[in-house]
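Analysis of the macromolecular model
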Amino acid sequence: MMKCALFLLAALASAPAAAEPPKDPAGWSLVWSDEFDGASLDAAKWKLADNCWGGGNEERQCYTPSPANHRVADGLLSIIARRETHSGPAFPPDQRTTPEKRQATNTKPFTSARLSTDGKAGWLYGKVQVRAKLPQGQGTWPAIWMLPEGWDYGAWAASGEIDIMEAVNLGTPCPTCAGGTENRVLGTIHFGGQPPRNRYIGDETAIPGALDDFHVYEVEWDADGMTWRVDGVDYARRAPHEWHSLGSDAPGAPFDRPFHLILNLAIGGHLPEGRNDGGVDSGGFPKMMQVDWVRVWQKDARAKTPDGGR
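A quick note: this is a predicted structure, and the numbers were derived from the prediction, not measured. (Residues numbered from 1 in each chain as written. Predicted model: local features only at pLDDT ≥ 70, side-chain atom pairs only at ≥ 80, totals over all residues. Heavy atoms only, no water.)

1. A short note on the overall build of the protein
Helices and strands together make up the secondary structure of the protein, namely three helices and 17 strands. Per-residue burial over the protein gives 49% buried out of 310 residues. Considering only intrachain contacts with a sequence separation of at least 6, the fraction spanning at least 24 residues in the protein is 73%. Of the accessible surface of the protein, which amounts to about 14300 Å², a share of 53% is contributed by carbon and sulfur atoms. (Helix = DSSP H or I, 4+ residues; strand = E, 2+ residues; numbered from the N terminus. Buried < 20%, exposed > 50% of the residue type's maximum accessible area, 1.4 Å probe, protein only. Contact = heavy atoms within 4.5 Å. Areas by Shrake-Rupley, 256 points an atom, 1.4 Å probe, with all protein chains shown as cover.)

Here it is in structure tokens:
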């Protein structure tokens, strides 16, 4: 009986929270959300990547729109990385600028999914919150991040990038981490110009509590700066004087334009393969990043449309 009770308590601790209508925090209005309560991904809100590019980081996965790599069920979105050889377009659509690039293919040893609101919803300022459970293992790279809708100041990174949450190699040996196990998430901005003139600033913090539990990852962003949080606790702050864009002298550029949201699970790449045990551990697949909900809040009542008021 005691074993059954302990098992039940453990299951309840790792289960998603009961579905409740989100309540507007004081001074904020909910302008966009997905609670993943349906039986399939909402195509009006999300688009799925289909390429074997590697994200510009030599990542080892092909992103596919296949149901094998994403699932909506029981109030959760699951992004599923599998160890399987796959061939697909060598470049994302915006880089297929020549006949050769449009026809080029690539083959990778893993598949996964990358969802974005690109062209469907973007926001200038607000509070973005995502309740998610992250995968563990050497080479795993789950991310919640944002890219500009219009690329008004030029190609990456002149128009900016906001990384709400990145984590690599969770659960692997880490001598500098509390308890000796990798348990950190990162919050970062990228800005400046195109490589090699791109720049970045970031901070990291330990995930509170269990790694195999759900946590809320958040960025709050306005004209005065950005604040990163995990489970409502601040751990990083950036101010406009810390960033710039070579594409504009406007104060606040490049983070003064609407950005869209991206959820993905990469396998391998420069960041995870250069940390902890190095490389990619091919055991333990499939790996899953699970998302309970995504919520976007804004203070400005004039910007309540799903596209950020553009």
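Having seen the structure, we can now continue with the description.
2. Details of unusual backbone geometry
Residue A157 is reached from W156 by a cis peptide bond, and omega for that bond is 5°. Inspection of the secondary structure puts A157 in the loop between β9 (140–148) and β10 (161–166). Even without being a glycine, F36 presents a positive backbone phi close to 55°. Residue classification places F36 among the buried positions, given a relative accessible area of 2%.

3. So, the pairing of strand β17 (residues 287–298)
Counting buried positions along β17 yields eleven of twelve residues, so the element is predominantly enclosed. Pairing between strand β1 (residues 29–34) and β17: five bridges, direction antiparallel. Bridging from a neighbouring strand, D34 pairs with V294 of β17. Alignment of strand β5 (residues 76–89) against β17, held across five bridges, turns out to be antiparallel. Directly across from A81, in β17, lies its bridge partner K287. (Pairing = 2+ DSSP bridges.)

4. A look at the layout of surface pockets
Here the largest pocket defines a volume of roughly 1500 Å³. As for the largest pocket, its lining consists of 49 residues, and the residues nearest its centre are W53, G55, W145, L147 and E161. Along the lines of polarity and charge, the residues of the lining of the largest pocket split into 20 nonpolar, 15 polar and 14 charged. (1 Å grid on protein atoms, 1.4 Å probe; cavity = no way out; pocket = protein on both sides within 12 Å on 5 of 7 lines; lining within 4 Å. Points joined across faces, edges and corners; volume = space filled by probe spheres on them. Nonpolar A, V, L, I, M, F, W, Y, C, P; charged D, E, K, R; others polar.)

5. Structural notes on the packing of aromatic side chains
As enumerated under the stated definition, the model contains eight aromatic pairs in all. Measuring from centroid to centroid gives 4.9 Å for F110 and F285, while their planes differ by 40°, and the two rings are tilted. Linking F110 in strand β6 (residues 105–112) with F285 in the loop between α3 (270–273) and β17, this pair joins segments that are 175 residues apart in sequence. Under the relative-accessibility criterion, F110 is labelled buried at 4%. F285 gets classed as buried once you look at its relative accessible area, which sits at 19%. Between W243 and F255 the ring centres are 5.0 Å apart and the planes differ by 85°, which places this aromatic pair in the edge-to-face class. Of this pair, W243 sits in the loop between β15 (233–238) and β16 (259–267) while F255 sits in the loop between β15 and β16, and the two are twelve residues apart along the sequence. Residue W243 shares its accessibility class with F255, and that shared class is buried. (Phe/Tyr/Trp six-rings, centres within 6.5 Å; stacked < 30°, edge-to-face > 60°.)

6. As for the environment of P67
Within the element layout of this structure, P67 appears in the loop between β3 (61–63) and β4 (70–73). By relative accessible area, P67 is classed as exposed at 66%. For the pair P67 and A113, spaced 46 residues apart in the sequence, the C-alpha separation amounts to 9.3 Å.

7. Digging into the pattern of salt bridges
Applying the stated rule across the entire model yields 13 salt bridges. With its nearest N and O atoms 2.7 Å apart, the salt bridge here joins E182 to R184. The salt bridge partner of R257 is D256, with a shortest N-O separation of 3.6 Å. It is possible to trace a salt-bridge network through shared partners that takes in E182, R184, E204 and R275. (Salt bridge = Lys/Arg side-chain N within 4 Å of Asp/Glu carboxyl O.)

8. Examining the state of the cysteines
Counting across every chain of the model gives two disulfides. Linked covalently through their sulfurs, C174 and C177 form a disulfide whose S-S length is 2.1 Å. Disulfide C174 to C177: torsion about the S-S bond roughly 65°, handedness right-handed. A residue is classified by how much of its surface remains accessible, and C174, at 3% relative accessible area, is buried. With a relative accessible area of 8%, C177 lands in the buried category. Sequence-ordered numbering of the bonded cysteines in the protein gives a pairing of 1-2, 3-4. (Disulfide = S-S within 2.5 Å.)

9. Re the environment of H260
Following the sequence through the fold, H260 ends up in strand β16. Given a relative accessible area of 4%, H260 falls into the buried group. A sequence separation of 111 residues divides H260 from E149, and the C-alpha atoms of the two residues are 6.0 Å apart. Discounting chain neighbours no more than four positions away, the residues touching H260 are S116, T117, D118, A121, G122, W123, W145, M146, L147, P148 and E149.

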